[in-house]
Amino acid sequence: MNNTAVTSYRVVSVQHPPFVMYDNKTNKWYGFCIDLLNAIRETVPFEYEIREVEDQNYGTLSENGSWNGMIRELIEKRSDIALGSLWVMAEREKVVDFTVPYYDLVGLTIMMLKTKTSTSLFKFLTVLENEVWLCILAAYFFTSFLMWMFDRWSPYSYQNNREKYKDDEEKREFNLRECFWFCMTSLTPQGGGEAPKNLSGRLVAATWWLFGFIIIASYTANLAAFLTVSRLEIPIETLEDLSKQYKIQYAPTLNSPAFTYFRRMADIEARFYEIWKDMSLNDSLSDVERAKLAVWDYPVSDKYTKMFQAMKEAGFPADMNEALKRIRRQGSYANNEFAYIGDASTIKYLAMTNCDLAQVGEEFSRKPYAIAVQQGSPLKDQFNNAILILLNKRRLEKLKDKWWKYNPARKNCDLENDQSDGISIHNIGGVFLVIFVGIVFACLTLAIEYWYYRHRAKVSELHKDASPRTKIMKTIKPIRLNLQPAPTHGVQPSQFRSRF
């Protein structure tokens, strides 16, 4: 072939974003491989005409030894170049020639629906069930009431034996209000303060302290575990996890490279089993040789046999559209969880352009991408030289960044879908609302206390005035709001004593 002459070649391809794509509006092909082909033309001048293969297959070897897809096009010499995300495989190298790989090793991986973690401002309250919270609240009221009753009836309490404790520095009368406050603050790090003087009241307080310690310790431990488990988005992390469970269905598309991989692995396991069985049951072997093969369990794993059987029961999707419907549980697939196994580059692109999809686990069965030409074609050496030049100039790395990192179809998914190591505000924000509610209640209480104090002062003045006419005049006197702090003089200490 004359390298100086510009030759036209027939290129066959399969659409595979972002490697090979077709724009129906402009009727032009574009993608990573198209840019690669144009870059090769800078070193090897030629013209090309791209068409899509009729069966849209890359090339699979059937049981009768025939090929389909792009490999068949090259074998029958209907095309000169097979362009796309074409894996270099041993059986393909026997019938076509491959150039040096232009892309890193790419394998198979798993794609699943990205689960959205449920968030709640009061998630910390769901650590305990509602029945437990009600029981704790009932225990709080019961203990407070019991402490008040013991302090009221015990002859050794402060309110019933003031002379005995007159020299003590802290004199705390446990009325019902103080009992409620003591039990509530005992559950906090600050503590409840001075305990009751009587022994019976102290036993009640000690029992409440023990109860509170166990409840707080249990709540703290379960809160940490609860928030950690709630951040786990997907229960499947590896192919092993997928093979050991039965809740989530999984399968590749029919007659895809992933389908061929699992079918072959299952056949290999079946062959190994037959070989082992024939060896262990061979009568021509001596007793010593047969004893070496005698084991209780089958020594070779049958993981892929079980997985391929589970795939058959789940059913293989006919194409990628059906696989996406099953992953997203649309239509008749609403009740079944599904994991798709396929080409890692395809899954990576779908996860990059869809925020509801996620790639799960590491890649396996990795192989490089390369351009295929007819067997014995001089294009192999010419393309090899051009690809090596592009590698040295780091042109291929720039193409990867263009179609993966800076792809215009790439979507910036919500940050709330990202896994984080800490507790988000969406799960713990209710604690801040508790502070706000507490401040509101404190303000209302301050208003009530201020009103109550002013009201009692006016009532005391009315009782001191002996004239009925004066009482009536003071009663109908308009109320004036004095916003200055309430005075502390002029009111007897007995006026502040509890009514309980």
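Here, the structure is the one placed above.
Residues numbered from 1 in each chain as written. Predicted model: local features only at pLDDT ≥ 70, side-chain atom pairs only at ≥ 80, totals over all residues. Heavy atoms only, no water.

Visitor: Explain the packing of helix α4 (residues 130-153) against helix α5 (residues 176-185) here, please?
Guide: When two helices pack together, their arrangement is given by the angle between the helix axes and by the axis-to-axis distance. The geometry of α4 relative to α5 is characterised by a closest axis approach of 8 Å and an angle of 130° between their N-to-C directions. On the basis of their axis angle, the class for α4 and α5 is oblique. Here α4 and α5 pass one another in a crossing that is right-handed. Note on element contacts: α5 touches α4 through Leu176, Cys179, Phe180, Phe182, Cys183 and Met184, opposite Tyr140, Phe141, Thr143, Ser144, Phe145, Met147 and Trp148. Split into classes, the residues belonging to the contact of α4 with α5 amount to eleven nonpolar, two polar and no charged. (Axes fitted to C-alpha atoms, helices over the stretch in contact; angles between N-to-C directions. Helix = DSSP H or I, 4+ residues; strand = E, 2+ residues; numbered from the N terminus. Parallel < 35°, antiparallel > 145°, perpendicular 65-115°, else oblique. Left-handed = near helix turned anticlockwise from the far one by under 90°. Contact = heavy atoms within 4.5 Å. Nonpolar A, V, L, I, M, F, W, Y, C, P; charged D, E, K, R; others polar.)

Visitor: How do you make sense of a nonpolar patch on the surface when you look at a structure like this?
Guide: On the surface, a cluster of nonpolar side chains totalling about 410 Å² of accessible area is made up of Ile268, Phe272, Ile275, Met279 and Val300. Along the chain, the position of phenylalanine 272 falls in helix α8 (residues 257-280). (Patch = residues over 30% accessible without salt bridge, like charges linked within 9 Å, V, L, I, M, F, W, Y side chains within 5 Å. Areas by Shrake-Rupley, 256 points an atom, 1.4 Å probe, with all protein chains shown as cover. Salt bridge = Lys/Arg side-chain N within 4 Å of Asp/Glu carboxyl O.)

Visitor: When you look at the sheet that holds strand β9 (residues 338-343) in this model, what are you seeing that I'm missing?
Guide: Strands pair in a sheet through their backbones, by hydrogen bonds, and they do so in one of two ways: parallel or antiparallel. What the four strands build is an open sheet, ordered β8-β9-β7-β10; its pairing is mixed. The sheet is open, and its two borders are formed by β8 (249-251) and β10 (357-369), each paired with just one other strand. Across the sheet, the mean angle separating the axes of adjacent strands is 20° when strand polarity is ignored. Pairing of strand β7 (residues 103-113) with β9 involves four bridges; the strand directions are antiparallel. Paired with methionine 111 across the two strands is tyrosine 340, which belongs to β9. (Pairing = 2+ DSSP bridges.)

Visitor: Sorry if this is basic, but what is going on with helix α14 (residues 395-405) here?
Guide: Residues separated by three or four positions in an α-helix point in the same direction, a consequence of the helix having 3.6 residues per turn. Within α14, burial applies to Leu396, Leu399, Lys400, Trp403 and Trp404. Seen along its axis, α14 keeps its buried residues to an arc of 105°; they face one direction. Set apart from the buried face of α14 by more than 90 degrees, the exposed residues are Lys398 and Lys405. Among the structural elements, β2 (21-23), β3 (28-30), α1 (32-41), β7, α12 (344-353) and α13 (379-392) are those in contact with the buried residues of α14. (Buried < 20%, exposed > 50% of the residue type's maximum accessible area, 1.4 Å probe, protein only. Arc of directions from axis to C-beta.)

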